[in-house]
Amino acid sequence: MQVSDANQKVNIGGAGKHDCFAKAALCIMVLNQYFGKKRRYERQPKPMLAWLMLEFLLLYKPLYDLFLFCRSKRSSAVTNMNLPMPKKTSFVFNSLTLGLLCSFSHASSVIEPGFEFHGYAKGGLGISNDPILNAEAYDWAANGMNIFRLAGNRYSDSSGGRMGNEANWLELHFNQGFTHDHDMAWGLNANIVYGDELALDELYTQADGVFTQHSNARFWAGKRYYARVETVLNDMQALSSDGLGFGMDDLDVGAGLFSIGVTRNLYNETNLESGDMVAVSSSLRKIVLPKQIELDVFANFGTFMGPAVSDDNSNARELNPNAYQLAFKLHRGDYFNNDEFFLRYSHNTSMSITRTWQQTPSYQIGAFYQGLKHITEDYRIAYIWSHENAHFDEAARKRNYTEQVDAHWNSLVLRNSLAWNQRTSTEIETGYEQVRFTATDPAQDGTNSGYKLTVSQNLHAGSGYWDRPVIRFFITYANMDVETLVYQHSNDGEQIKMGESEATTIGAQFEAWW
């Protein structure tokens with residue numbers, strides 16, 4: 001992504017104090033989490049005090065803002081609650097599905113005639129003389145970084161934030177737009193990725209203007225990243241339906257833009273002898289609410305389809321029951337000052353129906369609150385709170401080969417960024433994470449927790465928060481305390497040390513997009 005005017009001033013101060021709807025929801029959920037009904041596994045680890053302090057620091061201001069807002073409404077002291085429109089900034093978008101940015105991108109880009117090449121890359125080297133915190137995560141990164149991935153975290157590749165704590169990755173996007181004929185626009189998109197091996201993750205064609213009365217509706221077929229809801233600092237998808245399939249996006253129905261697609265596992269093309277989960281994903285996006293808030297709603301359904309369905313000896317249906325997801329997202333702001341709240345309910349699935357390697361609890365509730373604030377032109381704070389609550393009944397425990405009954409995951413990440421000038425900046429990223437487990441055997445109950453601190457001195461092409469390329473020289477310290485391994489099953493290759501462990505990594509990494 002490129003900003004058309006690198007020296008343009010940004011709107012400082014965010015959306016104001018009256019955007020408390022999402023913050024209030026977050027406060028209620030956190031208070032309910034810690035002060036709700038007590039259970040037999042209430043025993044908390046020592047770091048819980050630090051966790052509550054961090055939550056208090058994050059939530060005190062929203063609670064205070066909510067109090068002022070409600071008082072002003074009650075007394076009618078404030079008669080005009082309209083907020084000024086944020087200062088608009090011109091962007092040049094590319095078609096890259098950037099994990100850092102696409103959580104804020106809602107509308108499809110225009111299909112332009114001609115060839116385009118875009119990409120995203122991150123890579124680096126870490127050096128650590130300490131024992132490996134998580135063998136599976138260390139092998140995943142394969143760059144020497146002693147990755148902090150909390151034992152029992154089934155949701156993100158990195159814990160406590162991604163800076164100085166992630167794997168190398170490359171995306172090469174090739175887009176060919178064909179000449180516009182008969183008021184239609186057609187395009188072909190390909191995405192070649194490299195992590196530990198080359199792969200063709202996306203290859204699909206799309207067409208605008210097929211319906212003359214609904215020219216913005218876009219039809220597509222092929223394989224692609226689809227229906228993703230991205231989180232930034234922990235680099236994960238809170239919702240996704242990636243896969244091979246077909247669909248229609250952005251049909252204007254008045255209240256918003258309607259999309260529907262059918263997909264199956266993107267990463268399992270050669271294993272079709274039994275079948276796979278097939279997802280029907282739908283959304284209604286860009287619903288305009290008061291106070292410049294946008295609402296997106298999602299409804300997904302998945303069922304197992306394939307030759308195994310007609311095999312009387314197959315247990316495919318038992319291992320892959322029908323699943324559905326219901327979710328909504330509230331968003332306000334621009335690329336420089338924004339807040340976003342996402343809430344999802346999953347039945348017989350986790351964050352994605354088509355990612356069949358993920359766990360499939362009987363139900364799972366996910367909540368995420370993230371944002372970015374420019375405190376001054378050069379000082380920025382980004383933050384995310386993530387929560388997943390997974391419950392496993394007897395059938396779910398059987399198909400997941402686990403003895404856990406409940407898993408409560410909470411993660412908080414804060415990133416402070418200070419630009420000294422156009423060439424250098426300093427970033428400090430802190431994160432705390434915990435997973436609380438209950439099991440069929442109370443002796444296996446426990447809470448795994450940990451924290452991470454990364455300090456990075458950066459060299460970059462500009463002083464803006466999103467300016468790239470950037471080179472980061474970092475030092476990362478991580479501490480992890482493991483009380484239980486009940487989440488593991490017989491297929492796990494994860495090697496985790498019980499008790500407390502710590503590791504320090506020094507290194508350098510780069511990030512770029514074009």
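Our structure's up above, just so we're on the same page.
How each quantity is defined
Residues numbered from 1 in each chain as written. Predicted model: local features only at pLDDT ≥ 70, side-chain atom pairs only at ≥ 80, totals over all residues. Heavy atoms only, no water. Patch = residues over 30% accessible without salt bridge, like charges linked within 9 Å, V, L, I, M, F, W, Y side chains within 5 Å. Areas by Shrake-Rupley, 256 points an atom, 1.4 Å probe, with all protein chains shown as cover. Salt bridge = Lys/Arg side-chain N within 4 Å of Asp/Glu carboxyl O. Helix = DSSP H or I, 4+ residues; strand = E, 2+ residues; numbered from the N terminus. Buried < 20%, exposed > 50% of the residue type's maximum accessible area, 1.4 Å probe, protein only. Polar contact = N/O pair within 3.5 Å; in protein donor to acceptor, adjacent residues only side chain to side chain.

## Focus: a nonpolar patch on the surface
Next, step 1: Together, Phe178, Trp186, Leu188, Ile192, Tyr194, Leu198, Leu200, Leu203, Val210 and Phe211 make up an exposed nonpolar region whose accessible area comes to about 880 Å².
Next, step 2: For the nonpolar patch, the elements supplying multiple residues, two or more each, are strand E5 (185-194) and strand E6 (198-208).
Next, step 3: With 4 residues, E5 is the single largest residue contributor to the nonpolar patch.
Next, step 4: Along the chain, the position of Leu188 falls in strand E5.
Next, step 5: On the basis of relative accessible area, Leu188 is assigned to the partly exposed category, the value being 38%.

## Structural notes on the pattern of salt bridges
Next, step 1: With the rule as written, the count across this model stands at 24 salt bridges.
Next, step 2: With its nearest N and O atoms 2.9 Å apart, the salt bridge here joins Glu166 to Lys122. Of the two residues, Glu166 sits in the loop between helix H3 (135-141) and strand E4 (169-177) while Lys122 sits in strand E3 (residues 114-127), which places them 44 residues apart along the sequence.
Next, step 3: Among the residues examined, Lys122 registers a relative accessible area of 9% and is labelled buried.
Next, step 4: The salt bridge involving Glu427 is made with Arg472; its shortest N-O contact spans 3.2 Å. Highlighted residues: Glu427 in strand E19 (residues 424-439) and Arg472 in strand E21 (residues 470-482), separated in sequence by 45 residues.
Next, step 5: Overall, the relative accessible area of 6% leaves Glu427 in the buried class.
Next, step 6: When salt bridges with common partners are traced through the structure, they connect Lys122, Arg162, Glu166, Asp235, Glu427, Arg468, Arg472 and Glu511 into a single cluster.

## Describing the environment of Asp481
Next, step 1: Summarising the element assignment, Asp481 is placed in strand E21.
Next, step 2: Taking C-alpha positions, Asp481 is 9.0 Å from Lys497, a pair spaced 16 residues apart along the chain.

## Regarding the side chain of Arg332
Next, step 1: Topologically, Arg332 is positioned in strand E14 (residues 323-333).
Next, step 2: According to the relative accessible area criterion, Arg332 is buried, its value standing at 4%.
Next, step 3: Separated by 3.0 Å, the side chain of Arg332 and the backbone oxygen of Lys291 make a polar contact.

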